[in-house]
Amino acid sequence: MINDVRSKSIDLACQEMLRACEKAGLETAWDRLEKQQPQCGFGELGICCRNCNMGPCRIDPFGEGASAGVCGATADIIVARNLLRSIAAGAAAHSDHGRDVAHAFQLIVEGKAPSYGIKDQEKLDRLMKEYGVDSPALLAAAILNEFGKQDGPIQFTRRVPPQRLDLWKKLGIDPRGVDREIVECLHRTHMGVDNDYVNLILHGLRTSIADGWGGSMIATELQDVIFGTPKPLFSEANMGVLDPEKVNIIIHGHEPLLSEMIIAAALDPDMIDLARNEGAKGINLAGICCTANEALMRQGVPIAGNFLSQELIVATGAVEAMVVDVQCIMPALGTMAGCFHTKLISTSPKAKFPGATHMEFHEGTAGETAREIVRTAVKNFRNRDRSRVQIPDIKTRCMAGFSVEAIVSALGGSLNPLIDAIKSGSIRGIGAVVGCNNPKITHDFGHISMVRELIKNDVLVLTTGCNAQACAKAGLLQPEAAEKAGDGLKAVCQALGVPPVLHMGSCVDISRILVAAAALANALGVDISDLPAAGAAPEWMSEKAVSIGAYVVSSGVFTVLGTVPPVLGSKAVAELLTSGAKDVLGACFAVEPDPVKAAILMIEHIDSQRRKLGLGD
Ligand code: BF8
Ligand code: SF4
């Protein structure tokens, strides 16, 4: 029984709302997790298969019953196939997001999406040069062509250090278009196709690279072109950003194509007048999940919470509309919204939800739809039951906006000061801490314990996704958090006026971390796997995180997972991922549910890399 709210979340606002939900009999993800106990042991180990109708099959992990499915697939094959399918789904989610941005870019260039424009001409020029084209129209065509490329490489993979690229070529994992790789994942995992676990996993790595250095990177780069490359700015995080006197609109999901339009509509003086006529003092926007990160990084829109806060934010009774697009949106939101006046508004033809009002969003008519959505929210203010409003009075100042360009500019124009700080040991190394929440772990506890331990030991933390939001809420994204860092890191942060944890954006923006890692490795003349750097996803839950983990390790970064992936049913696959990969890729996974122990593993790895580079401890 998980009864104590403190065992559910370390976030005080969430604790307050969890108590409120309990009192009102409102069900949350934590309650549903409890009802799922005990969770299926076969599923946990990854040894069940229903890829064909001779099954479903499952392997007896104790070696007494079935050791193979009806077709003869062993635990090794079943685990590897399941892993490959997770990578395919995760890569598909990120890359379909990238495709939508590329498609919007093409419409903008053709003058068919009048609500959007080009905000970063310099980046656009750089991308045209990189692709060897001389017009935005040709760039749009070239980038859209990347997705389905049948042969030959995708352009951004050429950003990796030459050693890494040679290795990928040698292993046969220099990817083609992400669509092609994903289709091949599904083909290979169909009954009776690829039945060699090593061959399956190698293709998983290839697919994930097509995501990280392809679909995700395309999303980041083109979003910067359209909406501007982030620069450091200040905002606030946690449920206290909701305003009891204003119309509260929550933007939730992933694609800034929607959220940027909602932001513009909410600033429209006509809309603000309408809100005043309805008795509100104005319109207040806040975000959840990666939409929040996108809107924060470029516009300073405050964060209401991360993944596990979504239902609790509706339960404040102060949300007029929760506007969603795709990914990480719990289908339970409709039920929670139905207990209040909140309108759950779905916008993507790809993602409809029970209990939601669907207001479909298309690039060509984005501005009008956004205004219609904001108008719907404003009109809903009169339905708010003030006696049921409970907004936890908790929010924290945070600094965000650390694109690679912004970091280089903060350093005075090149990465050299960072390299010098790493060489001198002021900065011991770099930790990329990313990923989701998962109610199997006390909410935010994994993130915050790990990040605190890393900065205390002079490891500069780069963050994205729900980790970044946990850090924002915990005050780790303020320059003053340098006080919590070791002496070396503290001095560097204080000299630059930056926090010891740099918010680099949404989950597709892990591509920014890849670009930074490649630039550092290139500057040092080494491979990414030689850098004093490590990655972690302490509370991961999504298939996107599986793809991310695979491309980060494929790129040469040792990565620690906090929740156990469903691979332990195959000793061979588990060993390949946690040790064998090191010989092949120069990096591997570790699994460590204790976040402080996980941080220590990262620090030990960083120290061993420092020794190999002759940098000393
Ligand atoms: O893409 S970290 S819970 S919000 S999957 Fe989702 Fe995980 Fe949060 Fe963004 Ni990323
Ligand atoms: Fe069973 Fe093989 Fe069919 Fe999977 S593919 S369900 S293991 S028979």
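### Details of the overall build of the protein chain
- Within the protein chain, the regular secondary structure consists of 25 helices and 16 strands.
- Taken over the C-alpha trace, the protein chain has a radius of gyration of 23 Å; the compact-globule value for 617 residues is 25 Å, and the two agree within 12%.
- Per-residue burial over the protein chain gives 61% buried out of 617 residues.
- Entry remark: accessible area of the protein chain is about 22400 Å², with carbon and sulfur atoms responsible for 53%.
- Positive and negative side-chain charges in the protein chain, numbering 59 and 70 respectively, have mean positions lying 1 Å apart.

### Considerations on the site of ligand 1
- As a matter of local geometry, ligand 1 sits amid His254, Cys289, Cys290, Phe307, Cys328, Gly435, Cys436, Cys466, Cys507, Met541, Ser542 and Lys544.
- His254 places a polar side-chain atom, nitrogen or oxygen, 2.7 Å from an oxygen atom of ligand 1.
- Within the side chain of Lys544, one N or O atom sits 2.9 Å away from an oxygen atom of ligand 1.
- Of the residues that constitute the shell around ligand 1, the class distribution is eight nonpolar, three polar and one charged.

### Details of the coordination of the nickel atom of ligand 1
- Among protein atoms, the single one acting as a donor to the nickel atom of ligand 1 is Cys507 (SG), 2.2 Å away.
- Around the nickel atom of ligand 1, the four donor atoms sit at angles spanning 91 to 161°, and that spread fits a shape best called irregular.
- As for its position among the elements, Cys507 is in the loop between strand E13 (501-503) and helix H22 (510-524).

### Observations regarding the pattern of salt bridges
- A full pass over the atoms with the stated rule returns 42 salt bridges.
- One salt bridge connects Asp224 with Lys123, and the closest N-O pair in it is separated by 2.7 Å. Residue Asp224 is located in helix H10 (residues 197-227), and its partner Lys123 is located in helix H6 (residues 121-131); the two are separated by 101 residues in the primary sequence. Taken as a pair, Asp224 and Lys123 share a single burial class, namely buried.
- Arg188 is paired through a salt bridge with Asp194; the nearest N and O atoms lie 2.9 Å apart. Of the two residues, Arg188 and Asp194, both sit in the buried class.

### Some thoughts on the side chain of Thr464
- Tracing the backbone through its elements, the reader meets Thr464 in the loop between strand E12 (459-463) and helix H20 (465-473).
- Residue Thr464 is classed as buried on the basis of its relative accessible area, which comes to 0%.
- With sequence-adjacent residues up to four places away left out, Thr464 is seen in contact with Val433, Val434, Gly435, Met504, Gly505, Ser506, Cys507, Asp509, Ile510 and Ile513.

Rules and cut-offs
- Residues numbered from 1 in each chain as written.
- Chains lettered and ligands numbered in written order.
- Predicted model: local features only at pLDDT ≥ 70, side-chain atom pairs only at ≥ 80, totals over all residues.
- Heavy atoms only, no water.
- Helix = DSSP H or I, 4+ residues; strand = E, 2+ residues; numbered from the N terminus.
- Rg over C-alpha atoms; globule rule 2.2 N^0.38 Å.
- Buried < 20%, exposed > 50% of the residue type's maximum accessible area, 1.4 Å probe, protein only.
- Areas by Shrake-Rupley, 256 points an atom, 1.4 Å probe, with all protein chains shown as cover.
- Lys, Arg positive; Asp, Glu negative; His and termini not counted.
- Charge placed at Lys NZ, Arg CZ, Asp CG, Glu CD.
- Near = heavy atom within 4 Å.
- Polar contact = N/O pair within 3.5 Å; in protein donor to acceptor, adjacent residues only side chain to side chain.
- Nonpolar A, V, L, I, M, F, W, Y, C, P; charged D, E, K, R; others polar.
- Donors = N, O, S within 2.8 Å, 3.2 Å for Na, K, Ca; no water.
- Tetrahedral: all angles 85-135°; square planar, octahedral: opposite > 155°, others 65-115°.
- Salt bridge = Lys/Arg side-chain N within 4 Å of Asp/Glu carboxyl O.
- Contact = heavy atoms within 4.5 Å.

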